[in-house]
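Summary of structural features
Below are the chains, spelled out letter by letter.
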Amino acid sequence: MRQARPHPARTVTLAFLGAIAAGTAVLLLPVSRAGPESPSLLTAFFTATSAVTTSGMTTVDTATYWSGFGHVLLAVLTQAGGFGITTIATLAGLLVSQRLGLRGRMMTGVETNTGLAHGDVRQVLVLAAAVMFASETVIATIFTVRLWQAYDVPLGQAAWEGVFNAVQAFNNCGFSLRSDGLTSFAGDWWVCVPLTLGVIVGGIGVPVLYEIGRLSRRPAAWSTHTWLTVGGTAVLLVVGFVAVLGLEWGNDGTLGPLGVPGKILAAFVQGTIPRSGGFNTVDYGAMNEDTSAIMIGLMFIGGGSASTAGGIKVTTFFLLAYVIWTEVRGERDVVVGRRRIAESTQRQATTVALLGVATVATGTLVLLAITADVSFDRALFEVMSAFSTSGLTTGLTAELSTPGQLILSAMMFIGRVGTVAVASALALNTRHRQYRYPEERPIVG
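Keep in mind that this is a model prediction, so the values were computed, not measured.

Description of the side chain of T144
Here T144 shows up in helix α6 (residues 121–150). Among all residues touching T144, those that are not within four sequence positions of it are L155, A158, A159 and G162.

Right, here's the structure in full:
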């Protein structure tokens with residue numbers, strides 16, 4: 001009898017649960033804590049969940065609460081979580097194509113134009129690892145030299161901070177070895193720019209990076225997925241930069257005290273980071289309400305598919321934008337460039353987006369119900385940050401009770417694992433009936 005293969009969604013879920021459990025167990029060891037007391041179970045669990053899901057949210061001061069051993073463990077868990085998401089998400093796409101049969105795989109290979117549909121597991125793993133470690137090496141080197149030369153930090157300590165922050169940047173996490181995060185580097189271009197670029201590269205996704213590298217001289221040959229990801233990312237970077245710069249220019253709690261170059265740099269960093277980065281060079285709790293609303297929107301969209309970023313993904317958001325535009329114009333087919341988007345893909349995008357909205361809404365309502373004296377906007381910001389694995393906070397996370405922290409832990413897990421699991425489950429669950437019912441048109445709107 002042929003043994004049934006485990007469903008990818010179940011495999012992904014169990015893998016991340018196992019990593020979180022192992023991380024919690026090690027963080028509970030006295031050697032992981034900087035102080036004389038052992039970490040609490042809740043703190044260890046929340047931190048391990050945040051690291052494995054590459055969120056960066058924390059209820060304690062990472063710099064002073066955890067020991068050097070604990071910091072190393074956080075870097076390892078973050079790397080494992082980021083590398084796991086990158087490879088699992090990419091391999092899930094391969095698995096989907098391999099379930100289509102020979103003709104389907106050939107069609108997928110032509111449509112995606114990435115070459116990954118015919119690649120093997122080893123090729124994907126090597127590609128993901130090469131991109132990750134190359135990016136992290138460059139970031140760590142620049143960060144190390146800058147701290148050593150400009151801030152008189154001992155070379156050994158500068159190197160460790162460089163490696164730690166490089167891992168956090170590429171994996172779109174936000175833990176910091178400094179109690180003030182990156183606020184002391186708000187005006188330092190040599191520190192902020194490499195870290196932010198690392199967040200962008202990590203948030204694009206292996207399939208897109210592979211295709212850009214392979215077809216760098218022929219952008220016209222890029223697949224629809226690559227064009228949506230690259231174009232969408234560029235649009236969101238501009239929107240985030242302009243929004244933060246314009247709305248926070250005179251805010252004394254954020255960009256106000258900075259000079260013009262400092263304002264531009266901080267706006268670039270903080271306009272990019274909400275899409276899953278986790279670092280902060282300004283106080284998000286001091287931002288204007290309209291800016292926070294835009295940050296919430298950017299967090300919900302997130303980064304590219306099969307990347308270290310969270311959210312519903314750039315391709316999902318912009319694909320739905322094309323669907324709306326097509327419906328408004330009264331056209332029959334959704335066309336991106338010169339490619340017609342399959343109706344099944346449109347339904348999958350709609351499902352992922354609506355499930356994301358439902359998850360965030362439910363989490364926010366539950367958090368408001370169990371937490372006293374918390375405004376709706378702060379609760380929504382924290383839940384959205386957890387779901388999108390952005391790791392940003394207005395300061396509420398550390399104030400939450402045990403149930404509140406468990407809610408955010410669930411949001412981090414669902415936001416990170418759920419998007420990959422749901423996407424692969426939807427793609428693999430496509431069924432073709434041999435008959436169709438009569439068509440009906442209910443009144444909409």
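With respect to the packing of aromatic side chains
Within a pair of aromatic rings, the relevant descriptors are the distance that separates the centres and the angle that separates the planes. A full pass over the atoms with the stated rule returns eight aromatic pairs. Ring geometry for W160 and F164: centres 5.7 Å apart, planes at 65 degrees, overall edge-to-face. Pair noted here: W160 and F164 are both in helix α7 (residues 155–170), with a separation of four residues, about one helical turn. On the accessibility criterion, F164 (0% relative accessible area) is buried. Centre to centre, the rings of F317 and F318 are 5.2 Å apart; their planes meet at 90 degrees, and the pair counts as edge-to-face. The exposure class of F317 is partly exposed, given its relative accessible area of 33%. In this structure F318 comes out as buried when scored by relative accessible area, which is 17%. We note K263 situated over the ring of W249; from NZ or CZ to the ring centre the distance is 5.0 Å.

Notes on the packing of helix α13 (residues 314–329) against helix α14 (residues 343–370)
The geometry of α13 relative to α14 is characterised by a closest axis approach of 9 Å and an angle of 120 degrees between their N-to-C directions. Considering their axes alone, α13 and α14 lie oblique with respect to each other. Our pair here, α13 against α14, has a crossing hand that is left-handed. Where α13 approaches α14, its residues T316, L319, L320 and V323 are matched on the opposing element by T345, Q346, A349, T350, V352 and A353.

Observations concerning unusual backbone geometry
Positive phi is not limited to glycine here, since N172 has a value of about 55 degrees. Mapped onto the fold, N172 is located in the loop between α7 and α8 (189–202). Overall, the relative accessible area of 1% leaves N172 in the buried class. The residue T389 is not glycine, and still its phi comes out positive at about 55 degrees. On the secondary structure map, T389 appears in the loop between α15 (376–387) and α16 (402–428).

Quick look at the packing of α8 against helix α11 (residues 260–272)
At a closest axis distance of 10 Å, the pairing of α8 and α11 adopts a crossing angle of 25 degrees. Between α8 and α11, the crossing angle belongs to the class labelled roughly parallel. When the axes of α8 and α11 are compared, the crossing they make is left-handed. Contact residues: W189, C192, V193, T196 and I200 in α8; P261, I264, L265, F268, V269 and T272 in α11. Class assignment for the residues of the contact of α8 with α11 results in nine nonpolar, two polar and no charged.

Comments concerning the UniProt feature "transmembrane region" (unreviewed entry) in the protein chain
As recorded in UniProt, the sites labelled "transmembrane region" (unreviewed entry) are residues 72–96, 124–145, 187–210, 222–247, 293–325, 349–370 and 406–428. Helix makes up 64% of residues 293–325 and strand 0%. Its end C-alpha atoms lie 24 Å apart.

Side note on the side chain of T196
Relative to the helices and strands, T196 resides in helix α8. Contacts of T196, omitting those with residues within four sequence positions, involve F268, V269 and T272.

Section: the nonpolar core
Among the nonpolar cores identified, the biggest contains 64 residues, and L195, I273, Y284, M295, F381 and L408 are the most heavily contacted of them. Among the elements that make up this core, the one with the highest residue count is α15 (seven residues). Ignoring sequence-local partners within four residues, the contact set of M295 consists of V244, Q270, P274, Y284, M287 and F381.

Things to note about the pattern of salt bridges
Under the counting rule described, the total for this entry stands at three salt bridges. Here R146 and D188 are joined by a salt bridge, their closest N and O atoms 3.0 Å apart. One end of the pair, R146, is in helix α6; the other, D188, is in the loop between α7 and α8, with 42 residues separating them in the sequence. Residue R146 is classed as partly exposed on the basis of its relative accessible area of 27%. In this structure, E331 and R329 form a salt bridge, with 3.3 Å as the shortest nitrogen-oxygen distance.

Examining a nonpolar patch on the surface
Together, W189, W249, V260 and I264 give the surface a local cluster of nonpolar side chains, amounting to about 380 Å² of exposed area. On the secondary structure map, W189 appears in helix α8.

Overview of the layout of surface pockets
In this structure, the second largest pocket spans a volume of roughly 560 Å³. Lining the second largest pocket are 27 residues, and of these T58, S179, G181, N280 and T393 sit closest to its centre. Of the residues contributing to the lining of the second largest pocket, the split by class is seven nonpolar, 16 polar and four charged.

Structural notes on the environment of W249
Counting through the fold element by element, W249 comes out in the loop between α10 (224–248) and α11. W249 sits in the partly exposed class, given a relative accessible area of 38%. Here W249 is in contact with V244, L255, G256, V260 and K263, once residues within four sequence places are set aside.

Calculation rules
Residues numbered from 1 in each chain as written. Predicted model: local features only at pLDDT ≥ 70, side-chain atom pairs only at ≥ 80, totals over all residues. Heavy atoms only, no water. Helix = DSSP H or I, 4+ residues; strand = E, 2+ residues; numbered from the N terminus. Contact = heavy atoms within 4.5 Å. Phe/Tyr/Trp six-rings, centres within 6.5 Å; stacked < 30°, edge-to-face > 60°. Buried < 20%, exposed > 50% of the residue type's maximum accessible area, 1.4 Å probe, protein only. Lys NZ or Arg CZ within 6 Å of the ring centre and 35° of its normal. Axes fitted to C-alpha atoms, helices over the stretch in contact; angles between N-to-C directions. Parallel < 35°, antiparallel > 145°, perpendicular 65-115°, else oblique. Left-handed = near helix turned anticlockwise from the far one by under 90°. Nonpolar A, V, L, I, M, F, W, Y, C, P; charged D, E, K, R; others polar. UniProt positions renumbered as here; feature names shortened; annotations may be inferred. Core = buried A, V, L, I, M, F, W, Y, C linked by side-chain atoms within 4.5 Å. Salt bridge = Lys/Arg side-chain N within 4 Å of Asp/Glu carboxyl O. Patch = residues over 30% accessible without salt bridge, like charges linked within 9 Å, V, L, I, M, F, W, Y side chains within 5 Å. Areas by Shrake-Rupley, 256 points an atom, 1.4 Å probe, with all protein chains shown as cover. 1 Å grid on protein atoms, 1.4 Å probe; cavity = no way out; pocket = protein on both sides within 12 Å on 5 of 7 lines; lining within 4 Å. Points joined across faces, edges and corners; volume = space filled by probe spheres on them.

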